[in-house]
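# Survey of secondary and tertiary structure
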Amino acid sequence: MQGAAASLAALLAGAIDYAGLFPPASLAIDAAAGVYLRHLAGPHRGLLGRFVVPAAQLDALAEAARALNPRPASGDGPGRWPLTALASLPVAADVERILRFNERHAEGHEWRARVEAIEVRAATPDETRAAARDAGGLELFVEVPAHPVPLALLEAVVEAGGRAKVRTGGAKPDAFPPPGHLAAWLAYCAGLRLPFKATAGLHHPIRAVRPLAGSAESPRAAMHGFVNVLMAAALLRADRIDAQKAAALLDERDPAAFAFDDQQAAWRGESLATTELADARAFALGFGSCSVDEPIEDLAALGLLTSAPPAS
């Protein structure tokens, strides 16, 4: 990440799971593949995590990616794509499709891609346990509502060796959980030592009221900031703050309240050393976003990065 302080780079390393196929971007698969490839080859590739794709569209993604000629196919360059697939319950059929896909695109192929994780919506502990049994060794993420927090479901995810997923926004204002609800969810996960990812609505670093669809006529809502969420999770994981203070951090709208240098990341007197952030990020695994350009542009506008996204 060009121009990022070491603490910010540690906080955001691999944090963005690119979900350009999903609303509000809703890109065609060839366009979304092009965006991901552009950023893999760009100056801020360190921000990128996995490409998010429905399991049923894996073959279409392979065709789109091959057409882009994503060389080099060695090392960790643009020829290697880590993926996460959205799967339906029961997961066995999707997992079988995924494992065949992984075999076809392993080492030695022009376009090397691997589905590393699957994401599911499981409403009960039994569904969670069944998904874990059939996951085929893939990392399993289970979406768990932010409010009211279903503790039995969170505990089942822990027992299954999975990870949790929380929805932090959507197409309507009421899709954004209030800071207090999200803080309680994060605190439960921190107490259970349950790693998680967030998804939806996290296009911008700092919490602010914004239009939900990018036009002046669209509904507006207070959107969570991904810096707020990752800092709150990191400080909760390190037992530096409680849920009440996490709620205040999640509601923070002043960029000046955050400070990043090579030694530490801080918010209003609460800080974590850069060396502590790797442990924190093993808990807060990242977030899904249908844009990579918006996070980079906003970070650059705040002076936290020194360059804009690579040209399309």
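Criteria and cut-off values
- Residues numbered from 1 in each chain as written.
- Predicted model: local features only at pLDDT ≥ 70, side-chain atom pairs only at ≥ 80, totals over all residues.
- Heavy atoms only, no water.
- Helix = DSSP H or I, 4+ residues; strand = E, 2+ residues; numbered from the N terminus.
- Buried < 20%, exposed > 50% of the residue type's maximum accessible area, 1.4 Å probe, protein only.
- Contact = heavy atoms within 4.5 Å.
- Areas by Shrake-Rupley, 256 points an atom, 1.4 Å probe, with all protein chains shown as cover.
- Lys, Arg positive; Asp, Glu negative; His and termini not counted.
- Charge placed at Lys NZ, Arg CZ, Asp CG, Glu CD.
- Pairing = 2+ DSSP bridges.
- Axes fitted to C-alpha atoms, helices over the stretch in contact; angles between N-to-C directions.
- Salt bridge = Lys/Arg side-chain N within 4 Å of Asp/Glu carboxyl O.
- Core = buried A, V, L, I, M, F, W, Y, C linked by side-chain atoms within 4.5 Å.
- Parallel < 35°, antiparallel > 145°, perpendicular 65-115°, else oblique.
- Left-handed = near helix turned anticlockwise from the far one by under 90°.
- Nonpolar A, V, L, I, M, F, W, Y, C, P; charged D, E, K, R; others polar.
- Right-handed = clockwise from strand over helix to strand, strands pointing away.

## Here's the deal with the overall build of the protein
Secondary structure assignment for the protein yields 11 helices and 13 strands. The C-alpha extent of the protein, read off along each of the three principal axes, is 50 × 45 × 45 Å. Going through the 312 residues of the protein one by one, you find that 51% of them count as buried. Long-range pairs, those at least 24 residues apart, make up 67% of the contacts in the protein with a sequence separation of at least 6. Working note: accessible area of the protein is about 12,900 Å², and carbon and sulfur atoms make up 51% of it. Positive and negative side-chain charges of the protein, numbering 29 and 35 respectively, have mean locations separated by a distance of 1 Å.

## Things to note about the sheet that holds strand E10 (residues 258-260)
Pairing is antiparallel across the open sheet formed by three strands, whose spatial order is E10-E11-E12. Of all strands in the sheet, those bounded by a partner on one side alone are E10 and strand E12 (270-273). Geometrically, the sheet is characterised by an average inter-axis angle of 10° between neighbouring strands, direction not taken into account. Of the strand pairs in this sheet, E10 and strand E11 (residues 264-267) are connected by three bridges, and their pairing is antiparallel. By the bridge assignment for E11, Phe258 is matched with Trp267. Its contacts with the sheet put helix H8 (residues 226-237) on E10, E11 and E12, and the angle it makes with E10 is roughly 80°.

## Quick look at the pattern of salt bridges
Taken as a whole and assessed by the stated rule, the structure comprises 23 salt bridges. A salt bridge links Glu270 to Lys245, with the shortest nitrogen-to-oxygen separation between them at 2.8 Å. In this pair, Glu270 is assigned in strand E12 and Lys245 in helix H9 (residues 243-250), connecting sequence segments 25 residues apart. On the basis of relative accessible area, Glu270 is assigned to the buried category, the value being 17%. What makes Lys245 partly exposed here is its relative accessible area of 34%. Look at the salt bridges and you will find they share partners, linking Asp17, Glu119, Arg121, Glu143, Lys165, Arg167 and Lys197 into a network.

## Observations concerning the nonpolar core
With 94 residues, the main nonpolar core has Phe51, Trp81, Trp185 and Met231 as its most contacted residues. When residues in this core are grouped by element, the largest group, 10 residues, is from H8. Leaving out residues up to four positions away in the same chain, Phe51 has contacts with Tyr18, Leu21, Ala32, Ala33, Tyr36, Leu61, Trp81, Pro82, Leu83 and Thr84.

## Observations concerning the sheet that holds strand E1 (residues 16-18)
With respect to topology, eight strands assemble into a closed barrel ordered E1-E2-E3-E4-E5-E6-E7-E13, the strand pairing being parallel. Each neighbouring strand pair of the sheet contributes to a mean axis angle of 30°, computed without reference to strand direction. Where strand E5 (residues 139-143) and strand E6 (residues 163-167) come together, three bridges link them in parallel fashion. When the bridges of E6 are listed, Glu143 appears paired with Lys165.

## A look at the packing of helix H2 (residues 29-40) against helix H3 (residues 58-67)
Direction vectors running N to C along H2 and H3 enclose 60°, while the axes themselves pass 9 Å from each other. As judged from the angle between their axes, H2 and H3 are oblique. Viewed along their axes, H2 and H3 form a crossing whose handedness is right-handed. Between H2 and H3, the contacting residues are Ile29, Asp30 and Ala33 on the first element and Ala60, Leu61 and Ala64 on the second.

## Some remarks on the packing of helix H7 (residues 179-192) against H9
At a minimum axis distance of 8 Å, the contact between H7 and H9 shows a crossing angle of 130°. As the angle between them shows, H7 and H9 are arranged oblique. Relative to H9, the crossing made by H7 is right-handed. For the pair H7 and H9, contact is made by Pro179, Gly180, Leu182, Ala183, Leu186 and Ala187 and by Ala243, Ala246, Ala247 and Leu250, respectively. Residues of the contact of H7 with H9, tallied by class, amount to nine nonpolar, one polar and no charged.

## Details of the pairing of strand E7 (residues 196-199)
Of the two faces of E7, both are covered, the one formed by Phe196 and Ala198 as well as the one formed by Lys197 and Thr199. Of the strand pairs in this sheet, E6 and E7 are connected by four bridges, and their pairing is parallel. Bridge assignment links Ala164 to a residue of E7, and that residue is Phe196. Assessed by its sense of winding, the connection that carries the chain from E6 through H7 to E7 is right-handed. Direction of pairing for E7 relative to strand E13 (residues 284-289): parallel, over a ladder of three bridges. From the neighbouring strand, Ala198 faces E13, where its bridge partner is Phe287.

Functional significance is not addressed by these values, which are geometric in nature.
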